[in-house]
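Here's the letter readout for the chains.
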Amino acid sequence: MTTTGDRNTIVVGVDGSEASVEALRQAEKLATAMGAQVDATACWEYPLNYAGYVASGIDRFQEGAAAVLNNSVEKAFGPEKPANVTTRLLQGPIRPTLIDASKDAAMLVVGRRGHGGFGGLLLGSVSSACIAYAKCPVLVVHSPQA
């Protein structure tokens, strides 16, 4: 795979799951071999009826997503983040936001949470959407226990 111009980045969707932590690890290995950067990306959005959440004292969604992202990166790599890994928070629904991020990427990497049995035969909605609509190759990584 060649990576020229702006397409020298591997975008990784991070949601805090074991599969997304493993996706970070795998993407960093690929990026090192390709001389590319890893863009660890977490998406967040305001829920429907946002005012009700605020009234209940449940808000700070962006800060929560940032904490999940930072914890996932630390879980993947320890306290010293590799030099080729950056983090980014994007506001928006995860599927269209990651698909939009893929337009400038060499690769999109997402984790897949395994459910075992019959359900395990099916891909999740995010990974399925990314495979179908991303503007670059997509790697779906299973969690280590899958």
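Structure's up top.
Just so it is clear, the structure is predicted and the values come from calculations on it, not from any experiment.

J.: How would you explain the packing of helix α1 (residues 18–34) against helix α3 (residues 61–77) if you had to name every residue and give the values?
T.: It is at 9 Å that the axes of α1 and α3 come closest, and there the two elements cross at 60°. Classified by the angle between their axes, α1 and α3 sit oblique to one another. Here α1 runs over α3; the crossing is right-handed. Mapping the contact onto sequence places Glu18, Val21, Leu24, Arg25 and Glu28 in α1 and Ser72, Val73, Lys75, Ala76 and Phe77 in α3. In terms of residue class, the contact of α1 with α3 is built from five nonpolar, one polar and four charged.

J.: Tell me about the sheet that holds strand β1 (residues 9–13), residues and numbers included.
T.: One open sheet holds the five strands; their spatial order is β3-β2-β1-β4-β5, and the pairing between them is parallel. Here the strands that pair on one side only, and so sit at the sheet edges, are β3 (85–91) and β5 (138–142). Across the sheet, the mean angle separating the axes of adjacent strands is 25° when strand polarity is ignored. Pairing geometry for β1 and strand β2 (residues 37–44), over five bridges, is parallel. Following the sheet pairing, Val11 is matched in β2 by Asp39. Across the face of the sheet, α1 comes into contact with β1, β2, β3, β4 (107–112) and β5 while running at roughly 175° to β1.

J.: Just give me the short version of the pairing of β2, but keep the residues and values in it.
T.: Counting buried positions along β2 yields seven of eight residues, so the element is predominantly enclosed. Pairing between β2 and β3: seven bridges, direction parallel. Pairing of Val38 across the sheet is with Val85, part of β3.

J.: Tell me what's going on with the environment of Val21, and back it up with residues and numbers.
T.: Relative to the helices and strands, Val21 is located in helix α1. Relative accessible area serves as the criterion here: at 1%, Val21 is assigned to the buried category. Sequence separation between Val21 and Ala40 is 19 residues, and the spatial gap between their C-alpha atoms is 9.9 Å. With residues near it in sequence (within four places) discarded, Val21 still touches Ser72, Lys75 and Ala76.

Calculation notes
Residues numbered from 1 in each chain as written. Predicted model: local features only at pLDDT ≥ 70, side-chain atom pairs only at ≥ 80, totals over all residues. Heavy atoms only, no water. Axes fitted to C-alpha atoms, helices over the stretch in contact; angles between N-to-C directions. Helix = DSSP H or I, 4+ residues; strand = E, 2+ residues; numbered from the N terminus. Parallel < 35°, antiparallel > 145°, perpendicular 65-115°, else oblique. Left-handed = near helix turned anticlockwise from the far one by under 90°. Contact = heavy atoms within 4.5 Å. Nonpolar A, V, L, I, M, F, W, Y, C, P; charged D, E, K, R; others polar. Pairing = 2+ DSSP bridges. Buried < 20%, exposed > 50% of the residue type's maximum accessible area, 1.4 Å probe, protein only.

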